[in-house]
Structure formats: C-alpha cells, structure tokens
Amino acid sequence: MCLAIPARVTALLANDEARIEVGGVHKVISIALVDEVAVGDYLIVHVGFAIGKLDPTEAEQTLALFAQMAQLDPSNPAPYQ
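Residues numbered from 1 in each chain as written. Predicted model: local features only at pLDDT ≥ 70, side-chain atom pairs only at ≥ 80, totals over all residues. Heavy atoms only, no water.

Looking at the overall build of the protein chain
The line we're drawing: Secondary structure elements are defined from DSSP: runs of H or I of at least 4 residues count as helices, runs of E of at least 2 residues count as strands, and each element is numbered from the N terminus. Note on exposure labels: buried denotes an accessible area under 20% of the residue type's maximum, exposed denotes more than 50%, and partly exposed covers the range between, all computed with a 1.4 Å probe on protein chains only. Here, Shrake-Rupley sampling with a 1.4 Å probe gives the accessible areas, and only protein chains in the shown set may cover a residue.
Across its full length, the protein chain holds 1 helix and 5 strands. In sequence order, the secondary structure elements of the protein chain are arranged as β-β-β-β-β-α. In the protein chain, which comprises 81 residues, the share counted as buried stands at 32%. With an accessible surface of roughly 5300 Å², the protein chain has 55% of that area assigned to carbon and sulfur atoms.

What to know about the pattern of salt bridges
For clarity, the threshold we go by: Each reported salt bridge corresponds to a side-chain nitrogen of Lys or Arg within 4 Å of a carboxyl oxygen of Asp or Glu.
A full pass over the atoms with the stated rule returns 2 salt bridges. When the shortest N-O distance is used, the salt bridge between Arg 8 and Glu 21 registers 3.4 Å. Of this pair, Arg 8 sits in strand 1 (residues 5-13) while Glu 21 sits in strand 2 (residues 17-22), placing them 13 residues apart in sequence. The exposure class assigned to Arg 8 is partly exposed, which follows from its relative accessible area of 31%. Residue class for Glu 21 comes out buried when judged on its relative accessible area of 17%. Note that Lys 53 and Asp 41 form a salt bridge whose closest N and O atoms lie 3.7 Å from each other. A residue pair is termed long-range when its members are at least 10 positions apart, and Lys 53 in strand 5 (residues 49-54) and Asp 41 in the loop between strand 3 (25-30) and strand 4 (42-46) qualify at 12 residues.

Some words on the nonpolar core
Taken as a class, soluble globular proteins show a tendency for nonpolar side chains to be buried jointly. The condition that has to hold: Buried residues of nine kinds, namely Ala, Val, Leu, Ile, Met, Phe, Trp, Tyr and Cys, make up a nonpolar core once their side-chain atoms join them within 4.5 Å. The contact rule is simple, with two residues in contact once any of their heavy atoms fall within 4.5 Å.
Formed by 17 residues in total, the largest nonpolar core has its most connected members in Val 9, Ile 29, Ile 31, Val 37, Leu 43 and Ala 50. Breaking this core down by element, the ones donating at least two residues are strand 1, strand 2, strand 4, strand 5 and helix 1 (56-72). Other than its neighbours up to four places away in sequence, Val 9 contacts Ala 18, Arg 19, Ile 20, Val 37, Ala 38, Val 39, Gly 40, Asp 41 and Leu 43.

What about the environment of Gly 52?
Relative to the helices and strands, Gly 52 is located in strand 5. Residue classification places Gly 52 among the buried positions, given a relative accessible area of 16%. Sequence separation of Gly 52 and Pro 6 is 46 residues, and the distance between their C-alpha atoms is 9.5 Å. Setting aside anything within four residues of it in sequence, one finds Gly 52 in contact with Val 34, Tyr 42, Leu 43 and Ile 44.

Structure, rendered in structure tokens:
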C-alpha cells in the first residue's frame, strides 16, 4: 500500500526542488513532476516527490483528519496539525 500526504510548500529551490512542511517537519522534495508550483501551495507528496497539487481546503481537512486519528491512539506521537 502506498501513502501520499499533503504538504505545504515553504520555499522554492534550484533544480526542481522545494522545501515543504507538514506537522512541523520540513523536508526538501522534487517538484519535477508538477507544473507551476508556488510557495503556499499544497502538494501531494510520496517518497520525496510531489505527484500533484491539492486544493488548500481539502489539504487542511485531510491534515485535520490525520490529527484526529493520532489522538485516537495516545501512544502515537505523530505531530500532524
């Protein structure tokens, strides 16, 4: 099974890369597969590659659901916000 997560672009970098943030975690990913990425966009990220853009409202709802799931299991320290 594959899992892709929504992440917000915080900076555009050289060589088709961007810095993203999700749940307080920052990572550099490839944006070579997605056209016209801008700071503030939400992207679907899978294994270090952006594979599509996501509507901001849908992204925030998805992240809120992740946060609710993390609260169901207090032993899970996942920082989704």
